[in-house]
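Fold and contact review
So you can see what is in the structure, the chains are spelled out below.
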Amino acid sequence: MPRLSEFYGIVIYMYFVDHNPPHFHAIYGEYEAVVEIATGETVRGELPRTARRLVEQWRVAHVDELRANWARAQEPAELRSIEPLS
């Protein structure tokens, strides 16, 4: 599972040729959430409130890059790193 970004102890991953809807995985310590790219909805799992808020800020700032990486992952092709939340 390629690592796309890491910030404040949160790591963002995306699997190759994964199921719809387009999403990414956010891992923070013992927590993991699957987050839909388009809506920010948590499809599965959970994150603590502050981590969830930070992931949502990052998603909004990078939604186009996430969509492009999702398309690459379905080919599959190399995924591009995305700047962390600063």
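Residues numbered from 1 in each chain as written. Predicted model: local features only at pLDDT ≥ 70, side-chain atom pairs only at ≥ 80, totals over all residues. Heavy atoms only, no water.

Here the focus is the overall build of the chain. Scanning the chain from N- to C-terminus turns up 2 helices and 5 strands. Along the chain direction, N to C, the helices and strands of the chain fall in the order β-β-β-β-β-α-α. Since a compact globule built from 86 residues should have a radius of gyration of about 12 Å, the 12 Å found for the chain is in line with a globular shape. Based on the C-alpha atoms only, the size of the chain along its principal axes is roughly 35 × 25 × 20 Å. Counting across all 86 residues of the chain, residues that qualify as buried make up 42%. Long-range pairs, those at least 24 residues apart, make up 39% of the contacts in the chain with a sequence separation of at least 6. Accessible surface, the chain as shown: approximately 5000 Å² in total, 49% of it carbon and sulfur. Counting 9 positive and 13 negative side-chain charges, the chain places the centres of these two groups 3 Å from one another. (Helix = DSSP H or I, 4+ residues; strand = E, 2+ residues; numbered from the N terminus. Rg over C-alpha atoms; globule rule 2.2 N^0.38 Å. Buried < 20%, exposed > 50% of the residue type's maximum accessible area, 1.4 Å probe, protein only. Contact = heavy atoms within 4.5 Å. Areas by Shrake-Rupley, 256 points an atom, 1.4 Å probe, with all protein chains shown as cover. Lys, Arg positive; Asp, Glu negative; His and termini not counted. Charge placed at Lys NZ, Arg CZ, Asp CG, Glu CD.)

Strand order in the open sheet made by the 5 strands is S1-S2-S3-S4-S5, with antiparallel pairing throughout. Looking at strand neighbours, the two that pair on one side only are strand S1 (3-7) and strand S5 (42-46), the edges of this open sheet. When the angles between neighbouring strand axes are averaged without regard to direction, this sheet yields 15°. Note that S1 and strand S2 (residues 10-13) share 4 bridges and pair antiparallel. Bridged to Glu6 within S2 is Val11. (Pairing = 2+ DSSP bridges. Axes fitted to C-alpha atoms, helices over the stretch in contact; angles between N-to-C directions.)

Next up on the list: the nonpolar core. Where a protein is soluble and globular, its nonpolar side chains tend to be buried together. Counting residues in hydrophobic clusters, the biggest one holds 22 residues, and the most contacted among them are Ile10, Ile12, Met14, Phe24, Val55, Trp58 and Leu66. Residue assignment for this core shows that the elements contributing at least two residues are S1, S2, strand S3 (23-28), strand S4 (31-36), helix H1 (49-61) and helix H2 (63-74). What Trp58 contacts, discounting residues up to four positions off in sequence, is Ser5, Phe7, Ile12, Phe24, Leu66, Ile82, Glu83, Pro84 and Leu85. (Core = buried A, V, L, I, M, F, W, Y, C linked by side-chain atoms within 4.5 Å.)

To continue, consider the side chain of His25. Turning to its location among the elements, His25 is positioned in strand S3. Beyond its immediate sequence surroundings of up to four residues, His25 is in contact with Met1, Val11, Ile12, Tyr13, Tyr15, Asp18, Glu32, Ala33, Val34 and Arg44.

A separate point is the side chain of His23. Considering the arrangement of structural elements, one finds His23 in strand S3. For His23, a relative accessible area of 1% puts it in the buried group. Of the polar contacts made by the side chain of His23, one reaches the side chain of Asp18; its length is 2.8 Å. Here His19 takes part through its backbone oxygen, which lies 3.4 Å from a polar atom of the side chain of His23. Once residues lying within four places of it in the same chain are set aside, the contact partners of His23 are Met14, Asp18, Val34, Val35, Glu36, Ile37 and Trp70. (Polar contact = N/O pair within 3.5 Å; in protein donor to acceptor, adjacent residues only side chain to side chain.)

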